[in-house]
Amino acid sequence: MKKFFFTVFILISFKLMSQVEQQNYRTLNVIDDIEIREYPPAIYASVTIKNSNNNNMFGILAGYIFGGNENNQKIAMTAPVHIHQNNNEKSSTMRFVMPSEYKIDELSKPNDERIEIKKSVTKKYAAITYTGYNNSEKFNKYKSELHNVLDKNNIKIVGNAIYLGYDPPYKFWNRKNEVLIEIN
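In what follows, the accompanying structure is described. (Residues numbered from 1 in each chain as written. Predicted model: local features only at pLDDT ≥ 70, side-chain atom pairs only at ≥ 80, totals over all residues. Heavy atoms only, no water.)

**Looking at the packing of aromatic side chains**
By the definition in use, this model includes six aromatic pairs. Where Phe139 meets Tyr163, the ring centres are 6.4 Å apart and the plane angle is 75°; that geometry is what we call edge-to-face. Of the two residues, Phe139 is situated in helix α3 (residues 136-152) and Tyr163 in strand β10 (residues 162-165); the sequence distance between them amounts to 24 residues. By relative accessible area, Tyr163 is classed as buried at 14%. Taking the centre distance of 5.9 Å and the plane angle of 75° together, the rings of Phe172 and Trp173 count as edge-to-face. The exposure classification of Phe172 matches that of Trp173, with both residues exposed. The residue whose ring lies beneath Arg175 is Tyr133, and the NZ or CZ to ring-centre distance is 4.1 Å. (Phe/Tyr/Trp six-rings, centres within 6.5 Å; stacked < 30°, edge-to-face > 60°. Helix = DSSP H or I, 4+ residues; strand = E, 2+ residues; numbered from the N terminus. Buried < 20%, exposed > 50% of the residue type's maximum accessible area, 1.4 Å probe, protein only. Lys NZ or Arg CZ within 6 Å of the ring centre and 35° of its normal.)

**Concerning the sheet that holds β10**
Judged by pairing direction, the sheet is antiparallel, and its nine strands sit side by side in the order β2-β3-β9-β11-β10-β6-β7-β4-β8 without closing on themselves. Unpaired on one side and paired on the other, β2 (26-31) and β8 (115-119) mark the two borders of the sheet. Neighbour-to-neighbour, the strand axes of this sheet turn through a mean angle of 30°, independent of strand direction. Relative to β10, strand β6 (residues 81-86) is paired through four bridges, and the arrangement is antiparallel. Bridge assignment links His84 to a residue of β10, and that residue is Ile162. Each of β4 (43-50), β6, β7 (91-97) and β8 is contacted by helix α2 (residues 54-65), which is oriented at about 35° to β7, the strand it contacts most. Against the sheet, α3 makes contact with β2, β3 (34-39), β9 (123-130), β10 and β11 (177-183), and its axis sits at roughly 130° relative to β9, the strand it touches most. (Pairing = 2+ DSSP bridges. Axes fitted to C-alpha atoms, helices over the stretch in contact; angles between N-to-C directions. Contact = heavy atoms within 4.5 Å.)

**Here's the deal with the pairing of β10**
Consecutive side chains of a regular strand alternate in pointing toward one face of the sheet and then the other. Residue alternation in β10 divides its side chains into two sets, Ile162 and Leu164 and Tyr163 and Gly165, and both sets are buried. For β10 and β11, the ladder comprises four bridges, and the chain directions are antiparallel. The residue of β11 that forms the bridge with Gly165 is Asn177.

**Looking at a nonpolar patch on the surface**
A surface patch of nonpolar side chains, about 420 Å² in accessible area, is lined by Tyr133, Phe172 and Trp173. Looking at the secondary structure, you find Trp173 in the loop between β10 and β11. Judged by relative accessible area, Trp173 falls into the exposed class, the value being 67%. (Patch = residues over 30% accessible without salt bridge, like charges linked within 9 Å, V, L, I, M, F, W, Y side chains within 5 Å. Areas by Shrake-Rupley, 256 points an atom, 1.4 Å probe, with all protein chains shown as cover. Salt bridge = Lys/Arg side-chain N within 4 Å of Asp/Glu carboxyl O.)

**A word on the nonpolar core**
By size, the foremost hydrophobic cluster in this structure holds 47 residues, and its most contacted members are Ile36, Tyr64, Met94, Phe96, Met98, Leu146 and Val179. Excluding its chain neighbours within four sequence positions, the residues that come into contact with Leu146 are Ile34, Ala126, Ala127, Ile128, Val179, Leu180 and Ile181. (Core = buried A, V, L, I, M, F, W, Y, C linked by side-chain atoms within 4.5 Å.)

**A closer look at the side chain of Arg95**
Position of Arg95 among the secondary structure elements: in strand β7. The buried charged residue Arg95 lacks any salt bridge, with Glu182 as its nearest oppositely charged partner at 8.4 Å. Of note is the side chain of Arg95, whose polar atom sits 3.5 Å from the side chain of Tyr44. Residues within four places of Arg95 in sequence aside, it is in contact with Tyr44, Ala45, Ser46, Leu61, Pro80, Val81, His82 and His84. (Lys, Arg positive; Asp, Glu negative; His and termini not counted. Polar contact = N/O pair within 3.5 Å; in protein donor to acceptor, adjacent residues only side chain to side chain.)

**Section: the pattern of salt bridges**
For the structure shown, the criterion picks out nine salt bridges. In this structure, the salt-bridge partner of Lys118 is Glu116, at a minimum N-O distance of 3.4 Å. Under the relative-accessibility criterion, Lys118 is labelled partly exposed at 48%. For the salt bridge of Lys171 with Asp167, the shortest nitrogen-to-oxygen distance reads 3.2 Å. Among the residues examined, Asp167 registers a relative accessible area of 13% and is labelled buried. Taken together, the salt bridges that share partners define one network made up of Glu35, Arg37, Lys176 and Glu178.

In structure tokens, the structure reads:
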């Protein structure tokens, strides 16, 4: 029964994602199928868990934006959801971008102390977009393509690849996924 309610919760939350604000960026250049982007500062709610699946992290962050915070503040869902694999720590980090209307001091403190609220700085990333349902094979394929284009063009990679997911699981057509890598 608990699993049923969690599944319904996930489906409702993803339904809300179909009409959500998308994270802002500026395209600086296009090389082959790769976009070079500049992302302005954004506020993120994030959670890092060792040896966990993405559903656990999603549930923790969804709890925060659906009122699991000091003021029971409801915060709109945005896209994309960011997932970072922290290889050396054997952990994953999931981040939700907070809506652009908020300043960091306007966001209520999370009830779950595993959640961190932080503001990023302006950074440049290379991005490759692909369609369909994501899996590790697809992610690795596009990550490799991205690395190859960056190497070929002498663009220095700063960090690990990040998965960006834009769509709810029930969306079958025109799904959008990206691999993002910070560059110098």
